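# Fold and contact review
Chain by chain, the residues run as shown.
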Amino acid sequence: MHVDIGRSMLLAAVARYGSMTAAAEQLAYTPSAVSQQIRKLEGELGLRVLSRHAKGVDLTDAGRAVVEHVAGIERELAALREQLEHIRGARAGTLRLGTFPTFGASLLPFAITRFTAHHQEVSLTVRSARLSGLLELLHSREIEMAVLWDYEWSRLDEPGLSVHQLLLDPTRLVVSDSHHLAQRTSAGIAELAQERWITRADNHPVAGVLLRTCQAAGYEPTVAFEAHDYQEAQAMVAAGLGVALVPQLALSGVREDVRVLDLGGQAPSRRIMLANSADRTPSPVGTAMAKILRQVVREGGWHRESAS
């Protein structure tokens, strides 16, 4: 049995307004058009939905059943309209975001706190991964957007992605609080030629930063320890095993027994970017998160100029 929703809703209007003539006036129909549609509905159902008499019409049992179900449909449609308005206004929906560990441990929590405060009905999930993992998640559409990074010698040129720079993440020098440079605020790479270095293991990009920076200053770095995370690197620095180059974002939690020095731009900065699929229009909630990320960057005083 086919039940036409439009005709069923027209029957509900007849019941609401009390007659086919009144319903026709409210809906900008002619009375004959309303009557014709009701008769088609009765033909589809094989049942009478209206009992006609001299004073008007009454619903039959079948008509009351149709109108009761239409009332439920109208409530569902009203709820759907409200949900769509919430989605349009970024008050509801789903956002799947990707990040890398140092951004996730530094700036992202501020953005998440602000986002969830203003978008409480949005389902937000965050995936953390290395660069290759984030690219795979973007291309498989498991996430809508991701915070990525690159250096000047390995610029990200990924087909199918739309990329916008958020900030530049400068490289800092970390020394122990007993180091002879600990009382200074800055140092030059050339004066560190005799130092032993703490770097990252497993071909981590910061190891490449160390090598390139030292080679540019005319020497090869002597590596004393390869750490598996930046907290381990700080611990080895604090123990006096060596000094380290560390991105500023990785210094959101600095030990009391180390000191952080500026390098005056002598070491390259990371470019931090927000990326999404080029062929996919950002969702309202994605657009809202991107705006909040830019606000957090701006309020934190981070530089957004192009990296050299």
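Conventions adopted
Residues numbered from 1 in each chain as written. Predicted model: local features only at pLDDT ≥ 70, side-chain atom pairs only at ≥ 80, totals over all residues. Heavy atoms only, no water. Helix = DSSP H or I, 4+ residues; strand = E, 2+ residues; numbered from the N terminus. Rg over C-alpha atoms; globule rule 2.2 N^0.38 Å. Buried < 20%, exposed > 50% of the residue type's maximum accessible area, 1.4 Å probe, protein only. Contact = heavy atoms within 4.5 Å. Areas by Shrake-Rupley, 256 points an atom, 1.4 Å probe, with all protein chains shown as cover. Lys, Arg positive; Asp, Glu negative; His and termini not counted. Charge placed at Lys NZ, Arg CZ, Asp CG, Glu CD. Core = buried A, V, L, I, M, F, W, Y, C linked by side-chain atoms within 4.5 Å. Arc of directions from axis to C-beta. Patch = residues over 30% accessible without salt bridge, like charges linked within 9 Å, V, L, I, M, F, W, Y side chains within 5 Å. Salt bridge = Lys/Arg side-chain N within 4 Å of Asp/Glu carboxyl O. Polar contact = N/O pair within 3.5 Å; in protein donor to acceptor, adjacent residues only side chain to side chain. Expected span 1.5 Å × (residues − 1). Pairing = 2+ DSSP bridges. Right-handed = clockwise from strand over helix to strand, strands pointing away.

## Structural notes on the overall build of the chain
Of the regular secondary structure elements, the chain holds 10 helices and 12 strands. On C-alpha atoms alone, the chain measures out to a radius of gyration of 32 Å, which is more than a quarter above the 19 Å that the 2.2 N^0.38 rule sets for 308 residues. The C-alpha extent of the chain, read off along each of the three principal axes, is 105 × 35 × 30 Å. A buried classification covers 44% of the 308 residues belonging to the chain. Within the chain, contacts between residues at least 6 apart in sequence are counted, and of these 73% link residues at least 24 apart. A total accessible area of about 16100 Å² is found for the chain, and carbon and sulfur atoms account for 50% of it. Where the 32 positive side-chain charges of the chain centre and where its 34 negative ones centre are 7 Å apart.

## Brief notes about the nonpolar core
Core analysis: the biggest nonpolar cluster contains 70 residues, and Phe103, Leu148, Leu173 and Trp197 have the highest contact counts within it. Of all the elements, helix 10 (residues 284–299) adds the most residues to this core, at 8 residues. With 18 residues, the next largest nonpolar core counts Ala12, Ala24, Ile38 and Leu41 among its residues.

## Quick notes on helix 7 (residues 131–139)
All of the buried residues in helix 7 are Leu131, Leu134, Leu135, Leu137 and Leu138. End-on view of helix 7: buried residues confined to an arc of 160°, all on one side of the axis. Away from its buried face, by an angle of more than 90 degrees, helix 7 presents the exposed residues Ser132 and Glu136. Downstream of helix 7 by one or two residues, arginine 141 has phi in the positive range, about 65°.

## Quick notes on a nonpolar patch on the surface
A surface patch of nonpolar side chains, amounting to about 230 Å² of accessible area, comprises Leu77, Leu80 and Leu84. With respect to the secondary-structure elements, leucine 77 resides in helix 4 (residues 61–88).

## Describing the side chain of glutamate 42
Summarising the element assignment, glutamate 42 is placed in helix 3 (residues 31–45). Overall, the relative accessible area of 8% leaves glutamate 42 in the buried class. Within polar-contact distance, the side chain of glutamate 42 engages the backbone nitrogen of valine 49 at 2.9 Å. Leave out the neighbours within four places in its chain, and glutamate 42 touches Leu47, Arg48, Val49, Leu50 and Arg52.

## Some words on helix 3
With 15 residues, helix 3 should cover 21 Å at 1.5 Å per step; its first-to-last C-alpha distance of 21 Å lies within 8% of that length. Within helix 3, the full set of buried residues consists of Ala33, Val34, Ser35, Gln37, Ile38, Leu41, Glu42 and Leu45. In the segment just after helix 3, glycine 46 is the residue with positive phi, at about 75°.

## Side note on the pairing of strand 8 (residues 196–200)
Counted residue by residue, strand 8 has 4 buried out of 5 residues, so it is predominantly covered. For strand 8 and strand 9 (residues 222–227), the ladder comprises 5 bridges, and the chain directions are parallel. Its bridge partner being in strand 9, tryptophan 197 is matched across the sheet by valine 223. After leaving strand 8, the chain enters helix 8 (residues 205–216) and then returns to the sheet as strand 9, a path that is right-handed. Relative to strand 10 (residues 243–247), strand 8 is paired through 2 bridges, and the arrangement is parallel. Bridged to isoleucine 198 within strand 10 is alanine 244.

## With respect to the pattern of salt bridges
The tally for this structure, following the rule as stated, stands at 15 salt bridges. Across the salt bridge formed by arginine 172 and aspartate 262, the nearest N and O atoms sit 2.4 Å from each other. With arginine 172 in strand 7 (residues 171–176) and aspartate 262 in the loop between strand 11 (258–261) and strand 12 (270–277), this residue pair connects regions lying 90 residues apart in the sequence. Note on aspartate 262: relative accessible area 31%, which makes it partly exposed. For arginine 184, the salt bridge goes to glutamate 191, with nearest N and O atoms at 3.0 Å. The network of salt bridges with shared partners includes Asp4, Arg7 and Glu44.

All quantities given are derived from atomic positions and should not be read as evidence of function.
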